[in-house]
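Residue strings, one per chain:
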Amino acid sequence: QVQLVESGGGLVQPDGSLRLSCAASGFTLENYAIGWFRQAPGKEREGPSCISNSDGSAYYDDSVKGRFTVSRDNAKNTVYLQINSLKHEDTAVYYCAASWRFAVQTCEYTYWGQGTQVTVSS
């Protein structure tokens, strides 16, 4: 079964940190670009906040640059998102998704996880 599962979300105070995981099954992550997307309460899903490319490079949207870091462990078939200096506006459901090539267009992503909730609150 082709599946992506996000984990690691939760409740955190402002300026705190979280590490989200995106674990794949049924396919090999190292052959795909993995994008992280988020949807804040009452808002449309945004374009990719960051992308882990299959070649090891990474892309970051300006809105998260300097605070978000993507990495991958191909042996574990898992991509990680480290989020530092969390802000209230980071509160959202975070999704990971896989594309066969690097893309900033949401339509290029074929497989999607169920999402993990990140809540930033004091």
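Preceding this paragraph is the structure being described.
Rules behind the numbers
- Residues numbered from 1 in each chain as written.
- Predicted model: local features only at pLDDT ≥ 70, side-chain atom pairs only at ≥ 80, totals over all residues.
- Heavy atoms only, no water.
- Helix = DSSP H or I, 4+ residues; strand = E, 2+ residues; numbered from the N terminus.
- Contact = heavy atoms within 4.5 Å.
- Polar contact = N/O pair within 3.5 Å; in protein donor to acceptor, adjacent residues only side chain to side chain.

Would you explain the environment of Asn31 in this entry?
Tracing the backbone shows Asn31 in the loop between β3 (18-25) and β4 (33-39). Expressed as a C-alpha distance, the spacing of Asn31 and Asn53, which sit 22 residues apart in the sequence, is 9.0 Å. Apart from residues no more than four positions distant in its own chain, Asn31 is found in contact with Ser54 and Trp100.

It is not clear to me how the environment of Gln82 should be interpreted in this structure. Could you clarify?
For Gln82, the location among the structural elements is in strand β8 (residues 78-83). Taking the C-alpha atoms as reference points, Gln82 and Ser57, separated by 25 residues in sequence, lie 15 Å from one another. Apart from the residues lying within four places of it in its own chain, the contact partners of Gln82 are Ser17, Leu18, Arg19, Arg67, Phe68 and Thr69. A distance of 3.0 Å separates a polar atom in the side chain of Gln82 from a polar atom in the side chain of Asn84.

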